[in-house]
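Residue strings, one per chain:
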Amino acid sequence: MSIKISPSILSADFANLGHEIRAIEEAGCDWVHVDVMDGHFVPNLTIGPGVCKAIRPHIKTVMDVHLMIEPADPFRKAFAEAGADNISIHPEVHPHLDRSLQVIRDLGCKAGVALNPSTPVNILENVMDRLDMIIVMSVNPGFGGQSFLHSQIQKIRALKAMIGDRDILIEVDGGITPTTAPLVAEAGADVLVAGSAVYGKGGQETSVYAANIKAIREAGEAAQS
Ligand code: DX5
Ligand code: ZN
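Residues numbered from 1 in each chain as written. Chains lettered and ligands numbered in written order. Predicted model: local features only at pLDDT ≥ 70, side-chain atom pairs only at ≥ 80, totals over all residues. Heavy atoms only, no water.

(A) Fine view of the pattern of salt bridges. For the coordinates displayed, the defined rule picks out nine salt bridges. Taking the shortest distance from any N to any O, the salt bridge between Asp 30 and Arg 217 comes out at 2.8 Å. With a gap of 187 residues between them, Asp 30 in the loop between α1 (17-26) and β2 (32-37) and Arg 217 in helix α8 (residues 206-223) connect regions that are remote in the sequence. Residue class for Asp 30 comes out partly exposed when judged on its relative accessible area of 24%. Exposure remark for Arg 217: the relative accessible area of 19% places this residue in the buried category. Between Arg 166 and Asp 129 there is a salt bridge, and its shortest N-O distance comes to 2.9 Å. Within this pair, whereas Arg 166 is found in the loop between α5 (152-163) and β7 (169-173), its partner Asp 129 is found in the loop between β5 (110-115) and β6 (133-137), the two being separated by 37 residues in sequence. (Salt bridge = Lys/Arg side-chain N within 4 Å of Asp/Glu carboxyl O. Helix = DSSP H or I, 4+ residues; strand = E, 2+ residues; numbered from the N terminus. Buried < 20%, exposed > 50% of the residue type's maximum accessible area, 1.4 Å probe, protein only.)

(B) Quick peek at α5. In this model, α5 (twelve residues) spans 16 Å end to end at C-alpha, consistent with the 16 Å of a helix rising 1.5 Å per residue. Where α5 is buried, its residues meet β5, β6, β7 and α6 (181-187). Gly 164 lies just past α5 and shows a positive phi near 55°. (Expected span 1.5 Å × (residues − 1). Contact = heavy atoms within 4.5 Å.)

(C) Local environment of the sheet that holds β6. Spatial strand order, β1-β8-β7-β6-β5-β4-β3-β2: eight strands in an open sheet with parallel pairing. The outermost strands of the open sheet, each flanked by one partner alone, are β1 (4-7) and β2. Each neighbouring strand pair of the sheet contributes to a mean axis angle of 25°, computed without reference to strand direction. Of the pairings in the sheet, the one linking β5 to β6 comprises four bridges and is parallel in character. By the bridge assignment for β6, Gly 112 is matched with Met 133. Contacts from α5 reach β5, β6 and β7, with the element oriented near 165° to β6. In the packing of α8 onto the sheet, contacts are made with β1 and β8 (191-194), and the angle to β1 comes to roughly 140°. (Pairing = 2+ DSSP bridges. Axes fitted to C-alpha atoms, helices over the stretch in contact; angles between N-to-C directions.)

As structure tokens, this is what we get:
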């Protein structure tokens, strides 16, 4: 199966987001990953629904929105209206996870959860049928450019077994490079998020982004079981 690459625009040149998004799509990415942070659930502040709405016309593929905000429920509708295709939330801050996921689907979006490195997979046991994707955080969320946590490989394997024949994608987010991509692909990852390994510091030629995407994808696909 082919591996999808979802570059995180967190590492893009924020002064030229439209251009940076068009460049990664021309470079062959599958999705565009948007990291939304609130300075409360995670120690960083990024972008909100207004920026999502502004970049939407530049995205031809899939707007893959990762909400690292607490609370997220009051903002789901705004991100859906801003054009999100996928909305992923963190179960660590959603006591009514079943309902939250149901609402995301009712808004017309694919529903996902993102698990912090310390969050066990069994938190999802009773909501599996509400999920379109599961993001395994392979760094503690908040910043790009952190080192991959090898402890999360076993979690990917456990999720793969839990998913069985359900139509749920496993997305891995954090520290993905051509070196770590094979480790997660072999364990069962379907979608790889990569910020710094695609964009570097941002503002580079499309050909550089294409080479970076290709290197991650090929390394991952070569290791798929
Ligand atoms: C981390 C974010 C990631 C991050 C990935 O909180 O959710 O999407 O930007 O960046 P890299 O690939 O640089 O680890
Ligand atoms: Zn993310």
